[in-house]
Amino acid sequence: MPFVKPMANKSPRMRALALYKELHRLGRDYPDPSYNFHGKLRGLYEKNKNLQDPEEIENALKLGEYIRNETLALYSLRKYRHLRRMYPNDSHSDTFP
């Protein structure tokens, strides 16, 4: 079994590719189709493809990770709200006779 490096030790290029793949997968379920998640994602990556400064590259990767975390939080909130609508808080159902 080959040794797999942690994400922080990967080259910036490999981190960027892995992050792009994960964001692209997350974008499939984005709640607002008119937002054009994939188009904006691709535009950001194309805009930053020629970065050379390691600090700028790291900042761009941190921004991508922030977007990933916010998108995951949005999905969790959407699921939570759906469950709240499906099972309304009924004070009588929580009590036993």
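Quick notes on the rules
The numbers attached to residues start from 1 for each chain and follow its sequence in the written order. Totals for whole chains, interfaces and linings use every residue, but because this is a predicted model, local features are given only for residues with pLDDT of at least 70 and side-chain atom pairs only at 80 or more, for both listing and counting. Derived side-chain values reflect all non-hydrogen atoms in the structure, with water molecules and hydrogen atoms excluded from consideration. To obtain each axis, a line is fitted to C-alpha atoms, and for helices this fit is confined to the stretch in contact; angles are then taken between N-to-C directions over 0 to 180 degrees. Helix numbering and strand numbering both begin at the N terminus, where a helix is a DSSP run of H or I of at least 4 residues and a strand a DSSP run of E of at least 2. Roughly parallel here means an angle under 35 degrees, roughly antiparallel means over 145, roughly perpendicular means 65 to 115, and every remaining angle is called oblique. A clockwise turn of the near helix away from the far one marks a right-handed crossing, whereas an anticlockwise turn of less than a right angle marks a left-handed crossing. Contacts were defined at the residue level, with two residues in contact if any of their heavy atoms lie within 4.5 Å. Expected helix span is taken as 1.5 Å per residue step, with the number of steps being one fewer than the number of residues. The classification of residues rests on relative accessible area computed with a 1.4 Å probe and restricted to protein chains. Under 20% of the type maximum is buried, over 50% is exposed, and intermediate values are partly exposed.

Chemist: Any chance you could explain the packing of helix α1 (residues 12-27) against helix α3 (residues 54-86) here in plain terms?
Modeler: Packed helices, taken two at a time, are described by their axes: the angle between them and the distance between them. The N-to-C vectors of α1 and α3 enclose an angle of 25°; their axes lie 10 Å apart at closest approach. In terms of axis orientation, α1 runs roughly parallel to α3. The chirality of how α1 crosses α3 is left-handed. Counting all contacts with α1, which are made through P12, R15, A16, L19, E22, L23, L26 and G27, the residues of α3 involved are I57, E58, L61, G64, E65, I67, R68, T71, L72 and Y75.

Chemist: Just to check I follow, could you spell out α3 for this structure?
Modeler: Residues spaced three or four apart along an α-helix face the same direction, because each turn holds 3.6 residues. With 33 residues, α3 extends 48 Å between its outermost C-alpha atoms, agreeing within 8% with the 48 Å of an ideal straight helix rising 1.5 Å per residue. All of the buried residues in α3 are L61, G64, R68, T71 and Y75. In this structure, the buried residues of α3 make contact with α1 and α2 (37-47).

Function cannot be read off these values alone, since they describe shape.
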